[in-house]
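# Chains, contacts and geometry: an overview
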Amino acid sequence: MNSDSSPVGTHADVLVLGFGKGGKTAAAQLGRLGKRVVLVEQSERMYGGTCPNVGCIPSKGMVHHSGLRRPEDPPQEFYARAVDEIQAVREFMRVGNRGAMDAMETVELITGRPVFVDPHTVRVEAGGGDVRTITADTILINTGSEPRMPDIAGLRESPRTMTSTDLLERRGLPERLVIIGAGPIGIEFAQIYRHFGSEVTLIAARAQILPEQDDDVAAAAHAILDDEGIRVVVGATVTEVRDETGGAVVVYEQDGAQHTVAADVILPAVGRTPATQGLGLDAAGVQTTDDGDVLVDDHLRTSQSHIYALGDVNGGPHHTYISLDDSRIVMDQLVGDGRRSRADRVAIPQTLFMTPPLATVGLTERAARDTGHRVEIAEKPVAEIIAMPRAYAVQETRGMMKFIIDAETDLVLGAALLSIDAQEVINTVALAIRHDITATELRDSVYTHPSTTEAFNEVLNTIVRADVPQAA
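Right, let's walk through the structure included here. (Residues numbered from 1 in each chain as written. Predicted model: local features only at pLDDT ≥ 70, side-chain atom pairs only at ≥ 80, totals over all residues. Heavy atoms only, no water.)

### A look at the pattern of salt bridges
To keep it simple, the criterion reads: Here a salt bridge means any side-chain nitrogen of Lys or Arg lying within 4 Å of a carboxyl oxygen belonging to Asp or Glu. The secondary structure listing takes helices from DSSP runs of H or I that are at least 4 residues long and strands from runs of E that are at least 2 residues long, numbered from the N terminus.
Enumeration according to the criterion identifies 29 salt bridges in this entry. Two residues, D325 and R328, come together in a salt bridge whose shortest N-O distance is 3.0 Å. With a gap of three residues between them, D325 and R328 both fall in helix α9 (residues 320-335), about one helical turn apart. Several salt bridges converge on common partners, so that one network encompasses D214, D216, E365, R369 and K402.

Below is the structure:
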């Protein structure tokens, strides 16, 4: 339905703020049920949400394209072509998401900036002086997140500073890229741009990258970055950014000494912040944390019982699949039996799309021990797993596999897979944890060949370390 011909004032059964995964899924399902739905997205460039426009799809596309570059390919030309191809995919998905909503008679899409007037009313400035007032019985907040900018002198003001969104759309390959932050975004972009041909420096505040992982897993990931020529600086604090002729200088302190590194582009990669500023949540009576996350209960209901918050905006993990599951919880509240909640989530996997990917689920070894489990550890470097010929077939034998097992029950407590296909294989482990499949069953199962999953036959056959019971 074309929003341009709609009346100024509109009442909806459900008003959805934000065209992200959770919001658009709920809007489509409610529309199919005959509900009058209004979906508001502040930018036509963001139809479909963060993932297909400025997040998962373009970044993973760049991971793929960067891995295709041969030594003889001109870096700048190859990079510009990759950016153009990725943006073409982004446009295809954006148009498809818009078309899907336009095809639904009971769903209206409005492009404009929403601001709450009261708990049931939102004012939308739709551009060109067009102002809409939407009232609704139920409101879903799905406005997503945006890159966080750390408070570093000169960083925000420097023309060399770019967000991950800016960088993905830039057709010029930076010769020298400095990344502040060594979490998933920082590591992923460090490898992307190193593979395209940039000199990359990755600055981490903590003593190791990926501090949430066990030391051996983090060390294996660090070794891969080192081998690729990425300069990784750990235990460092960036204090200043200075613009100079021909570039910028990033100043940091490490071990009590001051150091500098030159940059053509600086990427702050210190996480994302909820996109709630300017929404007028105070007028709606919707409570937030000091960081701007919308406070919700396990059913995603805010401090206003008719308002829900889905996706990155509610303080949960910033994953598209979590936003999708949020939509299931909300739909169960609106048209189901109301039992589904965030508490139902068990063994949710996640993947850092470095090369090879690092996929994890469940407890780390450290967390398992800290919570009182008596654990056994099965782990092997990929290069030593004979029963994993797929790694040799595709010439990617870097990384490791690690399983944390409860010594008393033989149940898998967690896993870290730093290997080819890890983003797929981890789902099998997650399913095993959810359904109490033992490590022995995983070890002795029949898997296709040649595959990555069949590595379980070998890795889980050797316990490389086990707790020894304490004497009474």
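Structure's up, so let's keep going.
### What to know about helix α3 (residues 56-68)
What sets the pattern is the α-helix's 3.6 residues per turn: residues three or four places apart point alike. So the rule is basically this: A helix is expected to reach a length of 1.5 Å times the quantity of its residues less one. Whether two residues are in contact is decided by their heavy atoms: any pair within 4.5 Å suffices.
With 13 residues, α3 extends 19 Å between its outermost C-alpha atoms, agreeing within 8% with the 18 Å of an ideal straight helix rising 1.5 Å per residue. Where the residues of α3 are buried, they touch α2 (50-54), α4 (75-102), α5 (164-169) and α6 (184-196).

### Description of the sheet that holds strand β9 (residues 199-203)
For sheets, the rule is that strands pair by backbone hydrogen bonds, running either parallel or antiparallel. Spelled out, the test is: Only strands joined by at least two bridges in the DSSP assignment are considered to pair. Comment: axis = line fitted to C-alpha atoms, over the contacting stretch for helices; angle = value between 0 and 180 degrees taken between N-to-C directions.
Taken in spatial order, the four strands of this open sheet run β10-β9-β8-β14, and their pairing is parallel. Bordering the open sheet on either side are β10 (231-233) and β14 (265-268), each of which pairs with just one other strand. Strand-to-strand twist of the sheet, defined as the mean angle between neighbouring strand axes without regard to direction, takes the value 15°.

### A short note on the sheet that holds strand β11 (residues 236-244)
If you walk across this open sheet you meet the three strands as β11-β12-β13, and the pairing is antiparallel. If you trace the sheet from one side to the other, it starts and ends with β11 and β13 (257-263), each paired once. Looking at each pair of strands side by side, their axes are set apart by 25° on average, direction ignored. In terms of strand pairing, strand β12 (residues 247-254) meets β13 through seven bridges, oriented antiparallel. Across the sheet, residue A248 finds its bridge partner in β13, namely A263.

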